[in-house]
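Chain by chain, the residues:
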Amino acid sequence: MKKIYLLATLFAVTVCTTQAQSRRDKEQTYTLDKPYETVLVQPVKGKKVKNVILMIGDGMSLMHQYSAWTANGGKLNIENCPIVGLSKTYCANKLITDSGAAGTAMATGQKTNYHSVGVDTNGNPLPSLTDIAKDKGLSTGVVVTCRLNDATPAAFCANSPDRDDAEKIAADYLDCNVDFIFGGGSKHFTQRKDKRNLIEEFKVKGYNTPQSWDELKDIKQTPIFAVVDTLDLPVPSMRGEVLGDASMKAIELLSKNKKGFFLMVEGSQLDDYGHFNDLDLLMQEVHDFDRTVGRILQWAEKDGETLVIVTADHETGGLTLVGGDKNTNTIVGKFSTGGHSGVMVPVYSYGPGSQDFGGIYENTSIFDKIKKLLKL
Ligand SMILES: [Zn+2]
């Protein structure tokens, strides 16, 4: 059975890589059939930072956003963020980082080795923002559309020098004490070499363990461990608005804590379609992420004490926009690589404390600034 799974995975990866190579350096045209309305939020005047929502578009750089902006008829929710900075993404031992090292930089404030999650360059575990916030009495959450053992959520909830050590990373979730966890990857929690059923273990720890959005939506109490798919969640057209829905559900429950909360939301699969050089699916992911940004900003405007940061860990695909027309919602783009590229990524911010996020800085500074503003 395992052999069949491995062969199927290998086949899928080979097909995607071959497809990506055949698309590379060729113009692709994409038209958004149904542009969406964006929200308009006013800047917040208050000074107190009670909550922080860190939104990470995996592999999303300026070109992805400008492409998405053009395809959506010249508007994005992200434009409501009044402050923009630039983050330098290189890791400890490579110029071009991966999501493991980049996620670790933002989660723990330390540059680490390529392929590591939640550990320093010697492999020692590092406390993450979710650990530190929880220790100070804040509520915490992680919402992603990939399998939970994938690099970005793992950088916040697990510790391993090898991001591919799925069994160990999944087991680490049991000790991460995050109040609201949402993502995919049930396979790594239930079909394990060590025969443990981690979902049952979460239940014993007192967690609610819904296995679909329908099961999750009416739950009124944390802690919640919601793993809603075997591996990654499906493409946006099939999964609907669940990234936004799960994020708003997390906010609804975490905001009950008077001391505040820290929430990480990831648009996880932008990166995959950057790797596959698939402009259509990439744009669907950027737009899904941006719609989630819109919903979160509207909530933050009302709340007045929430800092929202929208950034990325690195760029994927070396996307270049070579043509298009915002009046016809059309873009023409080309990819230059099936991997990540080396470029600073934008950091957009909204709400109290956002003024600290202008300028050019290391990706580790995102951790430092959040820690300072939340007084952790
Ligand atoms: Zn990647």
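From a predicted model like this one, the values you see are computed outputs, not experimental measurements.

Some details on the nonpolar core
The biggest cluster of nonpolar side chains holds 57 residues, and the ones touching the most others in it are Met55, Val143, Phe180, Phe182, Leu263 and Val310. Of all the elements, helix α13 (residues 279-303) adds the most residues to this core, at 11 residues. Membership of the second largest hydrophobic core comes to 49 residues, among which are Phe156, Met264, Leu307 and Leu374.

A word on the packing of aromatic side chains
For the structure on display, the rule yields 8 aromatic pairs. Plain terms: the ring middles of Phe202 and Tyr207 are 4.9 Å apart, the flat faces sit at 75 degrees to each other, and that makes the pair edge-to-face. Relative accessible area serves as the criterion here: at 0%, Phe202 is assigned to the buried category. An aromatic cluster is present here, built from Tyr173, Phe189, Phe202, Tyr207 and Phe225 joined pairwise through their rings. Looking at Arg291, its charged tip hangs above the ring of Tyr36, at a distance of 5.1 Å from the centre.

Considering the pattern of salt bridges
Counted under the stated rule, the structure contains 20 salt bridges. Across the salt bridge formed by Arg23 and Asp278, the nearest N and O atoms sit 3.9 Å from each other. One end of the pair, Arg23, is in helix α1 (residues 2-23); the other, Asp278, is in the loop between α12 (270-275) and α13, with 255 residues separating them in the sequence. Asp278 sits in the buried class, given a relative accessible area of 16%. Of the charged contacts in the structure, one is a salt bridge between Asp150 and Arg163, with a shortest N-O distance of 3.5 Å. Taken together, the positions of Asp150 in the loop between β4 (139-147) and α5 (151-157) and Arg163 in the loop between α5 and α6 (166-172) put the pair 13 residues apart, joining distant regions of the chain.

Observations concerning the sheet that holds strand β10 (residues 320-325)
In space, the 3 strands of this open sheet follow the order β1-β11-β10, with antiparallel pairing throughout. In this open sheet, the two strands that pair with only one neighbour each are β1 (28-31) and β10. Taking each pair of neighbouring strands and ignoring which way they run, the sheet shows an average axis angle of 25 degrees. Relative to strand β11 (residues 330-334), β1 is paired through 4 bridges, and the arrangement is antiparallel. Bridging from a neighbouring strand, Thr31 pairs with Thr330 of β11. Along the sheet, helix α2 (residues 62-71) makes contact with β1, β10 and β11, crossing β10 at roughly 10 degrees. Of the strands in this sheet, β1 and β11 touch α13, which is tilted by about 40 degrees from β1.

Description of unusual backbone geometry
A cis amide bond links Thr222 to the next residue, Pro223, at an omega of 5 degrees. Mapped onto the fold, Pro223 is located in the loop between α9 (213-216) and β6 (224-227). One non-glycine residue with positive phi stands out, namely Asp25, at about 65 degrees. The topology assignment puts Asp25 in the loop between α1 and β1. With phi around 55 degrees, Asn329 is a residue other than glycine that occupies positive phi space. Structurally, Asn329 can be placed in the loop between β10 and β11. Owing to a relative accessible area of 14%, Asn329 belongs among the buried residues under this scheme.

A word on the sheet that holds β6
Taken together, 9 strands build an open sheet; the order of strands is β6-β5-β4-β7-β2-β8-β13-β3-β14 and the sheet is mixed. Each edge of the open sheet is held by one strand with a lone partner, namely β6 and β14 (359-362). The average undirected angle you get between the axes of adjacent strands in this sheet is 15 degrees. Both strand β5 (residues 180-184) and β6 contribute to a ladder of 4 bridges, which runs parallel. Note on β6: the bridge partner recorded for Ile181 is Phe225. Strand contacts of helix α11 (residues 242-254): β2 (51-57), β4, β5, β6 and β7 (261-267), with the helix running at about 175 degrees to β7, the strand carrying the most contacts.

Thoughts on the coordination of the zinc ion
The protein atoms donating to the zinc ion are Asp271 (OD), Asp271 (OD), His275 (NE2) and His340 (NE2), with metal-donor distances spanning 2.1 to 2.3 Å. Here the zinc ion is ringed by 4 donor atoms whose angles at the metal span 57 to 152 degrees, and the overall shape comes out irregular. Along the chain, the residues donating to the zinc ion fall in the pattern D-x3-H-x64-H. Of this pair, Asp271 and His275 both sit in helix α12, 4 residues apart, roughly one helical turn. The exposure class assigned to His275 is partly exposed, which follows from its relative accessible area of 23%.

Rules used in this analysis
- Residues numbered from 1 in each chain as written.
- Predicted model: local features only at pLDDT ≥ 70, side-chain atom pairs only at ≥ 80, totals over all residues.
- Heavy atoms only, no water.
- Core = buried A, V, L, I, M, F, W, Y, C linked by side-chain atoms within 4.5 Å.
- Buried < 20%, exposed > 50% of the residue type's maximum accessible area, 1.4 Å probe, protein only.
- Helix = DSSP H or I, 4+ residues; strand = E, 2+ residues; numbered from the N terminus.
- Phe/Tyr/Trp six-rings, centres within 6.5 Å; stacked < 30°, edge-to-face > 60°.
- Lys NZ or Arg CZ within 6 Å of the ring centre and 35° of its normal.
- Salt bridge = Lys/Arg side-chain N within 4 Å of Asp/Glu carboxyl O.
- Pairing = 2+ DSSP bridges.
- Axes fitted to C-alpha atoms, helices over the stretch in contact; angles between N-to-C directions.
- Contact = heavy atoms within 4.5 Å.
- Donors = N, O, S within 2.8 Å, 3.2 Å for Na, K, Ca; no water.
- Tetrahedral: all angles 85-135°; square planar, octahedral: opposite > 155°, others 65-115°.

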